[in-house]
Amino acid sequence: MVARLELKEYVRADGSNPYQQWFDTLDLHAAAKIAVAKVRLANGNVSNLKWFSGIGEYVINWGPGYRIYLARDGESLMILLGGGTKKRQQADIDLARFYLSEYKERKRCGEWHQFNDS
């Protein structure tokens, strides 16, 4: 049996939500593809997920090659850091790394975690 994963969207100290900001720019069809990918992730389907430098990249082979960037916190929690496309891949990865380091620093300092349920 595959374990379910809890997906949470990272909310920065200023209240902004990088994942939601990206998602809100998508057209209807792309948003639907991303929503299906999130359900698959939550159900433990990580076959399209590649890990490097602590960042997970979930690849959606459709349209411009959408990506969801995330990080693991514990065994069952995934933090959604943002998204993008193949064309902007390196810039999106760099941004996800920044958000991950920010998240870790806030956690290390004992700052209250803010998440949006996804």
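Everything that follows concerns the structure shown earlier in this document.
Procedures and definitions
- Residues numbered from 1 in each chain as written.
- Predicted model: local features only at pLDDT ≥ 70, side-chain atom pairs only at ≥ 80, totals over all residues.
- Heavy atoms only, no water.
- Phe/Tyr/Trp six-rings, centres within 6.5 Å; stacked < 30°, edge-to-face > 60°.
- Helix = DSSP H or I, 4+ residues; strand = E, 2+ residues; numbered from the N terminus.
- Buried < 20%, exposed > 50% of the residue type's maximum accessible area, 1.4 Å probe, protein only.
- Polar contact = N/O pair within 3.5 Å; in protein donor to acceptor, adjacent residues only side chain to side chain.
- Contact = heavy atoms within 4.5 Å.
- Salt bridge = Lys/Arg side-chain N within 4 Å of Asp/Glu carboxyl O.

Tell me what's going on with the packing of aromatic side chains, and back it up with residues and numbers.
Per the stated rule, a full pass over the model turns up five aromatic pairs. Ring centres 5.7 Å apart and planes at 85° place the aromatic pair Tyr10 and Tyr103 in the edge-to-face group. Here Tyr103 lies in helix α3 (residues 89-108) and Tyr10 lies in strand β1 (residues 6-10), a separation of 93 residues in the sequence. Here Tyr10 matches Tyr103 in class, with each residue buried. Ring geometry for Trp62 against Tyr66: centres 5.9 Å apart, planes inclined by 25°, an arrangement best described as stacked. Judged by its relative accessible area of 31%, Trp62 falls in the partly exposed class. Judged by relative accessible area, Tyr66 falls into the buried class, the value being 9%. Aromatic ring contacts, followed pair by pair, group Tyr19, Trp22 and Phe23 into a single cluster.

How would you summarise the side chain of Asp73 if you had to cite specific residues and measurements?
Within the secondary structure, Asp73 sits in strand β4 (residues 66-73). Judged by relative accessible area, Asp73 falls into the buried class, the value being 19%. There is a polar contact of 2.7 Å between the side chain of Asp73 and the side chain of Lys107. Discounting chain neighbours no more than four positions away, the residues touching Asp73 are Ile79, Tyr103 and Lys107.

Go over the pattern of salt bridges with me, naming the residues and quoting the values.
For the coordinates displayed, the defined rule picks out eight salt bridges. Measuring nitrogen to oxygen at the nearest pair gives 3.5 Å for the salt bridge that ties Glu9 to Lys38. Of this pair, Glu9 sits in strand β1 while Lys38 sits in helix α2 (residues 28-42), placing them 29 residues apart in sequence. Taking relative accessible area as the criterion, Lys38 reaches 14% and is therefore assigned buried. For Asp73, the salt bridge goes to Lys107, with nearest N and O atoms at 2.7 Å. One end of the pair, Asp73, is in strand β4; the other, Lys107, is in helix α3, with 34 residues separating them in the sequence.

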